[in-house]
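Okay, here's what each chain looks like letter by letter:
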Amino acid sequence: MIVAIDGPSGAGKSTVAKAVAKKLGFSCLDTGAMYRSVAWLAVQKGVALDDDAALGELAGACRIEFVHEEGDPIPKGVFVDGNDVTAAIRTADIDRAVSPVSAAPSVREAMVGQQRRIGEAGDYVIEGRDIGTTVFPGAEVKVFLTASDEERAHRRVRQNVDRGIGSIDYDEVLEDLKRRDEHDSSRSTSPLRPADDAVRLDSTGLYIEDVIDEICAMAQRKGA
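This text gives an overview of the structure that appears in the document. (Residues numbered from 1 in each chain as written. Predicted model: local features only at pLDDT ≥ 70, side-chain atom pairs only at ≥ 80, totals over all residues. Heavy atoms only, no water.)

Re unusual backbone geometry
Despite not being glycine, Asp81 shows a phi value in the positive range, around 50°. Within the secondary structure layout, Asp81 lies in the loop between β4 (77-80) and β5 (83-84). (Helix = DSSP H or I, 4+ residues; strand = E, 2+ residues; numbered from the N terminus.)

This is how it looks when you write it as structure tokens:
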């Protein structure tokens, strides 16, 4: 079974997906980390973020691996070609770089292929921006998770404080989120949008436990 959770940056997709996976006993795939890894590699190698061909070559050639602790379906680390990038892909610089990189058609083609191979191997909760529309249009459960701009910015700032990575300036984070929303929603390849059959969940003002319980209940009704 595939539980697809899509939505804009800062909506809480990663936190919710991990919790849902643990509760259901599924594995969890963070597709955002895959695109961030390609963005990190492009920045490191000085590849122009609008060079589709060069970005596609990077995405097609690199090896992205998730490290798990035994018995834990939630990845603890991300490696690109053997380099630990777990912290490096969560910086403000990569926040800004990941939208143009993820919009590159050649990058999306490379990543979608990898995501399908992983997801088809078992029961997965997969979060991203085009999981229910492009990667797994036949997913048994589809959720489009969102929240107000202000709520998402506050969450991202708190997350950055906790991690010690990324900007903690609310106004800067808010503008970055709005800029990324516009970029992701207007791109020609796999734009950010809810699948026609997705359940829309606005988590503004909700306890995260309520969101997790709702998605788990949806999966259980489908036989999870």
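Remarks on the pairing of strand β7 (residues 141-146)
The element β7 is largely enclosed, with a buried count of 5 among its 6 residues. Note: strand β1 (residues 2-6) against β7, 4 bridges, orientation parallel. Directly across from Val3, in β7, lies its bridge partner Val141. Here β7 pairs with strand β8 (residues 199-202) via 4 bridges, running parallel. (Buried < 20%, exposed > 50% of the residue type's maximum accessible area, 1.4 Å probe, protein only. Pairing = 2+ DSSP bridges.)

Details of the sheet that holds strand β6 (residues 124-128)
Taken together, the 5 strands give an open sheet; going across it, the order is β2-β6-β1-β7-β8, and neighbouring strands pair in parallel fashion. Every other strand in the sheet has two partners, leaving β2 (27-30) and β8 as the edge strands with one partner each. This sheet shows a mean twist of 20° between the axes of neighbouring strands, independent of strand direction. Across the sheet, helix α1 (residues 13-24) touches β1, β2, β6 and β7, and the angle it forms with β6 is around 175°. (Axes fitted to C-alpha atoms, helices over the stretch in contact; angles between N-to-C directions. Contact = heavy atoms within 4.5 Å.)

Some points on the pairing of β4
When strand β3 (residues 64-67) meets β4, the two strands line up antiparallel, connected through 4 bridges. Across the sheet, residue Glu65 finds its bridge partner in β4, namely Phe79. In this sheet, β5 lies alongside β4 in antiparallel orientation, the contact comprising 2 bridges. Within β5, the position partnered with Phe79 by the bridge is Asp84. Between β4 and the antiparallel strand that follows it, β5, lie 2 residues; Asp81 among them carries a positive phi value of about 50°.

Comments concerning the layout of surface pockets
Put simply, the largest pocket is a space of about 940 Å³. Around the largest pocket sit 44 residues that line it, and Ser14, Thr15, Arg90, Arg156 and Gln159 are the ones nearest its centre. Counting residues per element, the ones that place at least two in the lining of the largest pocket are α1, α2 (31-45), β4, α4 (92-103), β6, α7 (149-163) and α9 (208-221). Among the elements that make up the lining of the largest pocket, the one with the highest residue count is α7 (6 residues). (1 Å grid on protein atoms, 1.4 Å probe; cavity = no way out; pocket = protein on both sides within 12 Å on 5 of 7 lines; lining within 4 Å. Points joined across faces, edges and corners; volume = space filled by probe spheres on them.)

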